[in-house]
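An overview of the molecular structure
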Amino acid sequence: MSTATPIPNLQEIKKHKTIQLFRQKKEHGEPISMLTGYDYPTALMLDQAGIDAILVGDSLGMVVLGYENTMPVKMEEMLHHCRAVARAASSALLIGDMPFMSYQVSVEDAVRNAGRFLQEAGMHAVKLEGGSERLDAIRAIISAGIPVMGHLGLTPQYIHALGGFQPQGRTTATARRIFEDALLLEESGCFSLVLESVPARLAELISKRISIPTIGIGAGAGCDGQVLVVNDMLGLFDRFTPRFVKKYADLHGEMQRAFGEYIKDVLERRFPAQEHTVEMPEEQWQALLGEIAADKYK
Ligand code: KIV
């Protein structure tokens, strides 16, 4: 009997894209593709399709968990979904979104919670919202060896301060603030920056000015990459779709059709048909009938 150490299954060795690839893509003028993902089957498909990065966004609070906004999302909920995505993906860079109150209270909290995304949930980087007010937390997380993606413009964790889900940076003063924050995030060591719902001209100006890649959502074609919420682009989430979303499918319609057809099939006894049915060998069946007929169960 052989006692040799088993050779690892090469298919199980994962080779993920890196934050260095993000930088190289920007340098070569190659767009970066990113989508959100929250579960195992979707992450498998995103990965197989060749996506550069999967963001496990706190948008999952709205599109998966049914909260009104992203505010109620907890660390444990984020980690649960991150783990499912990490089990599926073997190529994409995986980014975990830090939920509300996981990095705002103290720098220590921020580092500890950021670390959990890598240590307990298989992520490679974290994303957090905010500009100058978050620099201490960002620097501390990065100094712990955890890559950080910034997020400016329409930052959903600030919606009560911003007055709702509105485009940002449409006045000189607010655009200047976003521009200055972008410079600060670059300087503090963020590897990349999401720009959400800001004027395309502002996003392009920032993208040309900073060396780290910008990833736009509702920020025009001048960004270095693009991201969408996967449920929006698949037409799965029909409660509300922002204007900047391009729908690549109507899965809501398709699922409603499938559910309706299934219910009708069950009601009209068309399902299950012969091919969906388990059978047993005739002699076994006859033996059972014989036993029952012999009154064994009286
Ligand atoms: O939570 C999220 O999905 C996001 C993206 C919209 C960038 O922050």
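The notes below deal with the structure included here. Computed from a predicted model, the values in this text were never measured in an experiment. (Residues numbered from 1 in each chain as written. Predicted model: local features only at pLDDT ≥ 70, side-chain atom pairs only at ≥ 80, totals over all residues. Heavy atoms only, no water.)

Looking at the overall build of the protein chain
Along its length, the protein chain carries 12 helices and 8 strands. For 298 residues, the compact-globule estimate of 2.2 N^0.38 gives 19 Å, and the C-alpha radius of gyration of the protein chain, at 25 Å, exceeds that figure by more than 25%. Counting all 298 residues of the protein chain, 44% fall into the buried class. For the protein chain, the share of sequence-separated contacts (at least 6 apart) that also reach a separation of at least 24 residues comes to 59%. Taken as a whole, the protein chain presents about 16600 Å² of accessible surface, with 56% of it coming from carbon and sulfur. (Helix = DSSP H or I, 4+ residues; strand = E, 2+ residues; numbered from the N terminus. Rg over C-alpha atoms; globule rule 2.2 N^0.38 Å. Buried < 20%, exposed > 50% of the residue type's maximum accessible area, 1.4 Å probe, protein only. Contact = heavy atoms within 4.5 Å. Areas by Shrake-Rupley, 256 points an atom, 1.4 Å probe, with all protein chains shown as cover.)

Brief notes about the layout of surface pockets
Considering only enclosed or pocket space, the largest pocket measures out at about 730 Å³ in volume. Lining the largest pocket are 34 residues; nearest its centre among them are Leu-154, Glu-196, Ile-217, Pro-242 and Phe-244. Looking at the lining of the largest pocket, the elements with two or more residues in it are helix H3 (60–63), strand E6 (192–196) and strand E8 (225–228). Split into classes, the residues belonging to the lining of the largest pocket amount to 18 nonpolar, 8 polar and 8 charged. Here the second largest pocket defines a volume of roughly 270 Å³. Residue lining of the second largest pocket: 16 residues in total, with Gly-153, Thr-155, Leu-162, Arg-177 and Asp-181 positioned closest to the centre. (1 Å grid on protein atoms, 1.4 Å probe; cavity = no way out; pocket = protein on both sides within 12 Å on 5 of 7 lines; lining within 4 Å. Points joined across faces, edges and corners; volume = space filled by probe spheres on them. Nonpolar A, V, L, I, M, F, W, Y, C, P; charged D, E, K, R; others polar.)

Examining the nonpolar core
Formed by 72 residues in total, the largest nonpolar core has its most connected members in Met-34, Ile-54, Ile-95, Phe-117, Ile-141 and Leu-195. No other element matches the 7 residues that helix H4 (residues 75–88) contributes to this core. Sequence-distant contacts of Met-34, that is, excluding residues within four places in its chain, are made with Ile-51, Ala-53, Leu-55, Ile-95, Met-149, Val-194, Ile-215, Gln-226, Val-227 and Leu-228. (Core = buried A, V, L, I, M, F, W, Y, C linked by side-chain atoms within 4.5 Å.)

Some remarks on helix H5 (residues 107–119)
Taking 1.5 Å as the rise per residue, H5 with 13 residues should run 18 Å; its terminal C-alpha atoms sit 18 Å apart, in good agreement. Contacts made by the buried residues of H5 are with H4, strand E3 (93–97), strand E4 (125–127) and helix H6 (135–143). (Expected span 1.5 Å × (residues − 1).)

Details of the side chain of Gln-104
In this fold, Gln-104 is placed in the loop between E3 and H5. Polar contacts involving the side chain of Gln-104 include one to the main-chain amide nitrogen of Met-101, which spans 2.7 Å. Side-chain polar atoms of Gln-104 contact the side chain of Tyr-103, separated by 3.5 Å. When sequence neighbours within four positions are dropped, the list of residues in contact with Gln-104 reads Pro-99, Arg-134 and Gln-157. (Polar contact = N/O pair within 3.5 Å; in protein donor to acceptor, adjacent residues only side chain to side chain.)

Remarks on the sheet that holds strand E7 (residues 214–217)
Think of a sheet as strands paired side by side through backbone hydrogen bonds, with each pair either parallel or antiparallel. With respect to topology, 8 strands assemble into a closed barrel ordered E1-E2-E3-E4-E5-E6-E7-E8, the strand pairing being parallel. Each strand axis lies, on average, 25° off the axis of its neighbour in the sheet, ignoring direction. The pairing of strand E2 (residues 53–56) with E3 spans 4 bridges and is classified as parallel. Bridged to Leu-55 within E3 is Ile-95. In the packing of H4 onto the sheet, contacts are made with E2 and E3, and the angle to E2 comes to roughly 155°. Contacts from H5 reach E3 and E4 within the one sheet, and its direction differs from that of E4 by about 135°. (Pairing = 2+ DSSP bridges. Axes fitted to C-alpha atoms, helices over the stretch in contact; angles between N-to-C directions.)

Concerning the pattern of salt bridges
All chains considered together, the criterion is met by 16 salt bridges. Three or more residues joined by partner-sharing salt bridges are found here, namely Glu-76, Arg-83, Arg-116 and Glu-120. (Salt bridge = Lys/Arg side-chain N within 4 Å of Asp/Glu carboxyl O.)

Considerations on the site of the ligand
In the vicinity of the ligand, the contacting residues are Thr-36, Leu-55, Gly-57, Asp-58, Ser-59, Asp-97, Lys-127, His-151, Val-194, Glu-196 and Ile-217. For the ligand, an oxygen atom lies 3.0 Å from a polar atom in the side chain of Asp-58. A distance of 2.5 Å separates an oxygen atom of the ligand from a polar atom in the side chain of Ser-59. Burial of the ligand by the protein amounts to 96% of the accessible area it has alone, namely 260 Å². (Near = heavy atom within 4 Å.)

Some points on the packing of H5 against H6
It is at 9 Å that the axes of H5 and H6 come closest, and there the two elements cross at 45°. Considering the angle they form, H5 stands oblique to H6. As H5 runs across H6, the sense of the crossing is right-handed. Together, Val-107, Ala-110, Val-111 and Ala-114 of H5 and Asp-136, Ala-137, Ala-140 and Ile-141 of H6 make up the contact between the two elements. Classifying every residue of the contact of H5 with H6 gives 7 nonpolar, no polar and 1 charged. (Parallel < 35°, antiparallel > 145°, perpendicular 65-115°, else oblique. Left-handed = near helix turned anticlockwise from the far one by under 90°.)

With respect to the pairing of E8
The sheet contact formed by strand E1 (residues 32–36) and E8 spans 4 bridges and is parallel. Each bridged residue has a counterpart across the sheet, and for Ser-33 the counterpart in E8 is Gln-226. As judged from the 2 bridges shared by E7 and E8, these two strands associate in the parallel manner. Its bridge partner lying in E8, Ile-215 is registered against Gly-225.

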